[in-house]
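Observations on the model geometry
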Amino acid sequence: MLTATCHCGDCSIEIPQRPRALTNCNCSICRRYGTLWAYFKADTVRLVHEPGATESYSWGDRLLKFVRCARCGCILCWEPIRRVLGSRMGVNARNFDPRDIGDVKIRRLDGASTWKVLD
Ligand SMILES: [Zn+2]
């Protein structure tokens with residue numbers, strides 16, 4: 001298990017293991033956030049914070065929400081708004097210590113148009 005916190009420390013996030021790859025997506029939201037995603041089954045990830053310590057953003061068909069710390073604004077994850085068995089989520093690997101995940105391979109995803117991996 002690996003743990004990270006947002007910048008202010010109000011929110012922490014636990015992932016079951018080191019991700020095998022991280023995704024740098026160029027879609028309209030990811031390129032603005034500058035996130036690097038590590039994907040996990042949603043029920044294997046734990047967000048730990050006081051009630052009300054996070055805010056979220058969703059748009060369009062509202063299938064996903066992007067969750068951030070309400071105090072420091074760091075993006076923690078995206079997750080499905082309606083979670084079902086087997087749902088996956090993306091954890092923002094930028095919150096993790098580079099000593100833990102700094103050497104994990106980064107893949108470039110063309111989420112802006114083809115949804116193909118570019119490398
Ligand atoms: Zn914070």
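Here, every reference points to the structure presented above.
All right, on to the nonpolar core then. Counting 23 residues, the largest nonpolar core has Ile13, Ile15, Leu22, Val45, Val91, Phe96 and Ile101 as its most contacted members. Elements supplying a minimum of two residues to this core: β1 (2-5), β2 (12-15), β4 (37-41), β7 (64-69), β8 (75-80) and β9 (88-92). The next biggest cluster of nonpolar side chains, apart from the first, holds nine residues, and it includes Cys25, Cys27, Trp78 and Leu109.

The next thing to look at is the packing of aromatic side chains. Per the stated rule, a full pass over the model turns up five aromatic pairs. Taking the centre distance of 5.7 Å and the plane angle of 15° together, the rings of tyrosine 57 and tryptophan 59 count as stacked. Through a chain of ring-to-ring contacts, three or more aromatic side chains come together here, namely Tyr33, Trp37, Tyr57, Trp59 and Phe66.

Coordination of the zinc ion by the protein is provided by Cys6 (SG), Cys8 (SG), Cys69 (SG) and Cys72 (SG), with metal-donor distances spanning 2.3 to 2.4 Å. Relative to the metal, the four donor atoms surrounding the zinc ion lie at angles of 107 to 115°, and the coordination shape comes out tetrahedral. Take cysteine 8: its relative accessible area is 27%, and that puts it in the partly exposed class. Accessibility expressed as a relative area gives 29% for cysteine 72, which makes it partly exposed.

Mapped onto the elements of the fold, aspartate 10 is located in the loop between β1 and β2. Not counting the four nearest positions on each side in its chain, aspartate 10 is found in contact with Val48, His49, Cys69 and Arg71. Only 3.0 Å separates the side chain of aspartate 10 from the side chain of arginine 71, close enough to count as a polar contact.

A separate point is unusual backbone geometry. Even without glycine at this site, arginine 62 takes up a positive phi of about 55°. Counting through the fold element by element, arginine 62 comes out in the loop between β6 (54-57) and β7.

Strand order in the open sheet made by the three strands is β1-β2-β5, with antiparallel pairing throughout. Each having just a single partner strand, β1 and β5 (46-48) make up the two edges of the open sheet. When strand polarity is set aside, the average angle formed by the axes of neighbouring strands in this sheet is 20°. Pairing between β1 and β2: four bridges, direction antiparallel. Counterpart to leucine 2 in the pairing with β2 is isoleucine 15.

With that settled, consider the pattern of salt bridges. Scanning the entire structure with this criterion turns up seven salt bridges. Its salt-bridge partner being arginine 18, residue aspartate 103 comes within 3.0 Å of it at the nearest N-O pair. One end of the pair, aspartate 103, is in the loop between α2 (98-101) and β10 (105-109); the other, arginine 18, is in the loop between β2 and β3 (21-25), and 85 residues separate them in sequence. Residue glutamate 55 pairs with arginine 68 through a salt bridge whose shortest N-O separation is 3.1 Å. Residue glutamate 55 is found in strand β6, and its partner arginine 68 is found in strand β7; the two are separated by 13 residues along the sequence.

The rules behind these values
Residues numbered from 1 in each chain as written. Predicted model: local features only at pLDDT ≥ 70, side-chain atom pairs only at ≥ 80, totals over all residues. Heavy atoms only, no water. Core = buried A, V, L, I, M, F, W, Y, C linked by side-chain atoms within 4.5 Å. Buried < 20%, exposed > 50% of the residue type's maximum accessible area, 1.4 Å probe, protein only. Helix = DSSP H or I, 4+ residues; strand = E, 2+ residues; numbered from the N terminus. Phe/Tyr/Trp six-rings, centres within 6.5 Å; stacked < 30°, edge-to-face > 60°. Donors = N, O, S within 2.8 Å, 3.2 Å for Na, K, Ca; no water. Tetrahedral: all angles 85-135°; square planar, octahedral: opposite > 155°, others 65-115°. Contact = heavy atoms within 4.5 Å. Polar contact = N/O pair within 3.5 Å; in protein donor to acceptor, adjacent residues only side chain to side chain. Pairing = 2+ DSSP bridges. Axes fitted to C-alpha atoms, helices over the stretch in contact; angles between N-to-C directions. Salt bridge = Lys/Arg side-chain N within 4 Å of Asp/Glu carboxyl O.

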